[in-house]
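Working through the structure, step by step
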Amino acid sequence: MKVFLFEFATCFGNLPASITIEGLGMFKSLYEGFIEFCDVVSFISLDGINFDVISFDCSDKFVCHLERSDFALVIAPENDWTLLKLTRIVEEFGVPNLGSSSKAIEVTSDKWNIYCKLKGKVDMPKTSLKPIDPPFIIKPRVSCGGEGIGIADNVPDGYIAQEFIKGIDLSVSLIVGDNIEVLSINKQIIESFRYKGSIVPFDFREDVADVAMKAVESIRGLFGYVGVDVILSNDEIPYIVDVNARMTTSSILFRDVYGMNLARILIKNYEGKSIPEYIPKRKMMLKKVEGNAKNSYVSWGGYSLVKEVLNG
């Protein structure tokens, strides 16, 4: 079995280093999982801990790698519709896709589309294309990694205005197939609207899991790993703020915390096999820090991802 594992940031190297390091971490964790039971086709060379970022012309080599593979998994940002474009290429060549369909990605890549799709079905912050009652934040309609988010009093073209809700930043990691399974509820470490790390797991809450599953059920074509961003407000209401039809950085800790091989789960999900229930063995933190930190999981471009056990 050959799996084409493609992670955009590690190949092009033209994203901010603070975003690329997350891509490196996700690629490494999945690569380590896939090589346990299959051959991995990729552009990235693994040298111990670190990766070499390789620039290339995607159009020819991407297709060449697809033609050699039995399955494909694309990890890419929503920016410039990159994830959507690459997924359409996978679909065009008929290679079994371990991730979501292009139709689902077209919805989830645009934050205004997500709001329109889920409004009235789940609790969401008030969202508009025009200014709303302050305080509100603005977000680019198509973006990832917290880029362009901030407090504002006007809404530029291509942005949305969204109610600013105080609370706990969470993410829900799900596997979507014949059934929807919650793998983990994670606490996100956010500073100035930028991702700085995760704590896995956060205490399981039925209401948070339920609202995430309901959001996923409302978007046709989601498949494989899906991450749902939730704010648990100070008055204990879980608000959906984003749906990511792709891998998310919290998943890097899943083997350490749950003992799960996420790569194997993706294949099992595609084959329609049941996903076992995983019980956390420990609680851990993934920290994104500046510099080449000691004992980092991966380092590149002046940033490191560091794993830390929070309890035994």
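Presented here is an overview of the structure given in this document.

Conventions we followed
- Residues numbered from 1 in each chain as written.
- Predicted model: local features only at pLDDT ≥ 70, side-chain atom pairs only at ≥ 80, totals over all residues.
- Heavy atoms only, no water.
- Buried < 20%, exposed > 50% of the residue type's maximum accessible area, 1.4 Å probe, protein only.
- Helix = DSSP H or I, 4+ residues; strand = E, 2+ residues; numbered from the N terminus.
- Polar contact = N/O pair within 3.5 Å; in protein donor to acceptor, adjacent residues only side chain to side chain.
- Contact = heavy atoms within 4.5 Å.
- Phe/Tyr/Trp six-rings, centres within 6.5 Å; stacked < 30°, edge-to-face > 60°.
- Lys NZ or Arg CZ within 6 Å of the ring centre and 35° of its normal.

**Notes on helix 9 (residues 262–270)**
- Listed in full, the buried residues belonging to helix 9 are L262, A263, I265, L266, I267 and N269.
- Taking the backbone nitrogen of A263 as reference, a side-chain oxygen 3.1 Å away marks N261 as the first, capping residue of helix 9.
- Immediately downstream of helix 9, the backbone of G272 shows phi near 80°, a positive value.

**Looking at the environment of G99**
- Here G99 lies in the loop between helix 4 (82–92) and helix 5 (102–108).
- For G99, a relative accessible area of 16% puts it in the buried group.
- Sequence separation of G99 and A245 is 146 residues, and the distance between their C-alpha atoms is 7.5 Å.
- If near-sequence neighbours (up to four positions away) are discounted, G99 is found in contact with L73 and F223.

**Some remarks on the packing of aromatic side chains**
- Applying the stated criterion across every chain yields a total of 12 aromatic pairs.
- Measuring from centroid to centroid gives 5.1 Å for F6 and F62, while their planes differ by 85°, and the two rings are edge-to-face. One end of the pair, F6, is in strand 1 (residues 2–7); the other, F62, is in helix 3 (residues 58–67), and 56 residues separate them in sequence.
- F6 sits in the buried class, given a relative accessible area of 0%.
- Clustering of aromatic rings is evident, with ring pairs tying together F4, F6, F43 and F62.
- Cation over ring: K28 sits above Y297, and NZ or CZ is 4.3 Å from the ring centre.
- The ring of Y297 is capped by K307, whose NZ or CZ atom sits 3.9 Å from the centre of that ring.

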